[in-house]
Amino acid sequence: MQEAIASFDFADYLEKARARVEDALDASLGPEKPEKLRESMRYSLLAGGKRLRPILCLAACELAGGEVEKALPTAVALEMIHTMSLIHDDLPSMDNDDLRRGRPTNHKVYGDAVAILAGDALLTRAFEMVAIRTKGIPSERLLKIVGELSLVAGAPGLVGGQVVDLDCEGKEVDLETLEYIHLHKTGALLKACVTCGALIGGADENLLEALSVYAKGIGLAFQIIDDILDVTASSEVLGKTAGKDLIADKTTYPKLLGLEESRRRAELLVAKAKNALNPWPEQSKPLLALADYITSRDR
Ligand code: GRG
């Protein structure tokens, strides 16, 4: 199995998947009016970023035996939800940041009101992508995906995680609460990416269960690495303000466990995540490589 995985050209896979996602993102917006709203939505959605979430969705669809083309609108929807959460997270009343994806944050350019509304428009467009713009997928599957997205974007997911995170600023937080925050703020959306992609591809319960274990592992590992990079990387490389957690007096994995133990924990989680996909050694190569990318990334 190791040999087969080694022969997979991940760099080439990532480049092609990113190009496909970028094209689909570009095509997903416009020509909405008013112009200012359209610009603000495009400004953040097309600002680059790793595109990890849509690529996870496409890879899970492929693993389930589906056609990647049919998963593209859902992949775009997931990136829209992610981008909306970044725009809102950067607002003065939340993380109050002025740098994102290497450029000034949305509200710095368009003002708070338009930034909030651009986020709202991206969130609602995400549902449009699935319910109206997806072709050739049975409506029961699309309904399940709409359900997944509403859970992940709302109180049981991103919003709930964000509220607890904001509440915990400046307070002593234990590992259990930290895990709760990250499973909701970050892990839930990563899980939705693989679940929704797999649903498009027609996955059975077995595969959905395995993907849920995979997603839980990579979700937490992703956030641990995010915490580590906040301490070790520069703003220039990250494209967002480095050292922000310390400034905001946030509890992080490095703060609770130290850098070395945090990295060890992330690696363990990724190993567990990959293990869950053992029954599909060939078809899961992209997801296995994406799991490794999470711990090896530098931004
Ligand atoms: C308004 C419905 C609604 C929800 C918003 C603001 C909020 C609730 C939640 C915050 C969620 C958040 C910003 C979590 C952080 C997740 C994270 C680690 C983001 C960075 O992801 P990367 O590194 O970024 O994949 P790129 O730029 O590469 O896409």
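Structure: see above.
Residues numbered from 1 in each chain as written. Predicted model: local features only at pLDDT ≥ 70, side-chain atom pairs only at ≥ 80, totals over all residues. Heavy atoms only, no water.

**Considering the overall build of the chain**
Right, on to step 1. Within the chain, the secondary structure is distributed over 16 helices and two strands.
Right, on to step 2. Here the C-alpha atoms of the chain give a radius of gyration of 18 Å, agreeing with the 19 Å that 2.2 N^0.38 yields for 299 residues.
Right, on to step 3. The C-alpha extent of the chain, read off along each of the three principal axes, is 50 × 45 × 35 Å.
Right, on to step 4. Buried positions account for 52% of the 299 residues belonging to the chain. (Helix = DSSP H or I, 4+ residues; strand = E, 2+ residues; numbered from the N terminus. Rg over C-alpha atoms; globule rule 2.2 N^0.38 Å. Buried < 20%, exposed > 50% of the residue type's maximum accessible area, 1.4 Å probe, protein only.)

**Description of the site of the ligand**
Right, on to step 1. Close contacts around the ligand come from 20 residues, with Lys 50, Arg 53, His 82, Arg 101 and Gln 162 the closest.
Right, on to step 2. Within the side chain of Lys 50, one N or O atom sits 2.6 Å away from an oxygen atom of the ligand.
Right, on to step 3. Separating an oxygen atom of the ligand from a side-chain N or O atom of Arg 53 is a distance of 2.7 Å.
Right, on to step 4. Summarising the interface, the protein chains cover 90% of the accessible area of the ligand, which totals 760 Å² for the free molecule.
Right, on to step 5. Of all the secondary structure elements, the ones that give two or more residues to the shell around the ligand are α5 (68-89), α9 (158-168), α10 (175-200) and α11 (205-232).
Right, on to step 6. Class assignment of the residues belonging to the shell around the ligand gives a composition of seven nonpolar, seven polar and six charged. (Near = heavy atom within 4 Å. Polar contact = N/O pair within 3.5 Å; in protein donor to acceptor, adjacent residues only side chain to side chain. Areas by Shrake-Rupley, 256 points an atom, 1.4 Å probe, with all protein chains shown as cover. Nonpolar A, V, L, I, M, F, W, Y, C, P; charged D, E, K, R; others polar.)

**Things to note about the packing of aromatic side chains**
Note on aromatic pairs: each is described by the distance of the centres and the angle between the planes.
Right, on to step 1. Enumeration according to the criterion identifies five aromatic pairs in this entry.
Right, on to step 2. Between Phe 8 and Phe 10, the ring centres sit 6.4 Å apart and the planes meet at 40°, which makes this aromatic pair tilted.
Right, on to step 3. Judged by its relative accessible area of 18%, Phe 10 is buried.
Right, on to step 4. Taking 5.5 Å as the distance between ring centres and 75° as the angle between the ring planes, the aromatic pair formed by Tyr 43 and Tyr 110 counts as edge-to-face. Placement of Tyr 43 in helix α3 (residues 35-45) and of Tyr 110 in helix α6 (residues 106-110) is noted, with a sequence separation of 67 residues between them. Of the two residues examined, Tyr 43 and Tyr 110, each falls in the buried class.
Right, on to step 5. Through pairs of rings, three or more aromatic residues link up here, namely Phe 8, Phe 10, Tyr 13 and Tyr 293.
Right, on to step 6. Its guanidinium or amino end placed over the ring of Tyr 43, Arg 103 lies 4.5 Å from that ring's centre, counting from NZ or CZ. (Phe/Tyr/Trp six-rings, centres within 6.5 Å; stacked < 30°, edge-to-face > 60°. Lys NZ or Arg CZ within 6 Å of the ring centre and 35° of its normal.)

**What about the packing of helix α8 (residues 139-153) against α10?**
Right, on to step 1. For the pair α8 and α10, the least separation of the axes is 10 Å and the interaxial angle reads 180°. When the axis of α8 is compared with that of α10, the two are roughly antiparallel. Residue-level inspection shows Arg 141, Leu 142, Lys 144, Ile 145, Glu 148, Leu 149 and Val 152 of α8 in contact with α10, the latter providing Ala 188, Leu 189, Ala 192, Thr 195, Cys 196, Leu 199 and Ile 200.
Right, on to step 2. Class assignment of the residues belonging to the contact of α8 with α10 gives a composition of ten nonpolar, one polar and three charged. (Axes fitted to C-alpha atoms, helices over the stretch in contact; angles between N-to-C directions. Parallel < 35°, antiparallel > 145°, perpendicular 65-115°, else oblique. Contact = heavy atoms within 4.5 Å.)

**Side note on the pattern of salt bridges**
Right, on to step 1. Using the criterion set out here, one finds 23 salt bridges in the structure.
Right, on to step 2. Among the salt bridges present, the one from Arg 101 reaches Glu 79, with a minimum N-O distance of 2.8 Å. Note that Arg 101 is positioned in the loop between β1 (99-100) and β2 (103-104) and Glu 79 in helix α5, a separation of 22 residues in sequence.
Right, on to step 3. The exposure class of Arg 101 is buried, given its relative accessible area of 17%.
Right, on to step 4. Its salt-bridge partner being Arg 100, residue Asp 89 comes within 3.8 Å of it at the nearest N-O pair. Placement of the pair is Asp 89 in helix α5 and Arg 100 in strand β1, with a sequence separation of eleven residues.
Right, on to step 5. Owing to a relative accessible area of 12%, Asp 89 belongs among the buried residues under this scheme.
Right, on to step 6. The network of salt bridges with shared partners includes Glu 22, Arg 51, Glu 79 and Arg 101. (Salt bridge = Lys/Arg side-chain N within 4 Å of Asp/Glu carboxyl O.)

**Observations concerning α10**
Right, on to step 1. Here α10 spans 35 Å end to end across 26 residues, near enough to the 38 Å set by a 1.5 Å rise per residue.
Right, on to step 2. Along α10, the largest kink reaches about 45° and is centred on Gly 187.
Right, on to step 3. Backbone geometry just after α10 places Gly 202 at a positive phi near 80°. (Expected span 1.5 Å × (residues − 1). Bend = angle between axes of the 7 residues up to and from the residue.)

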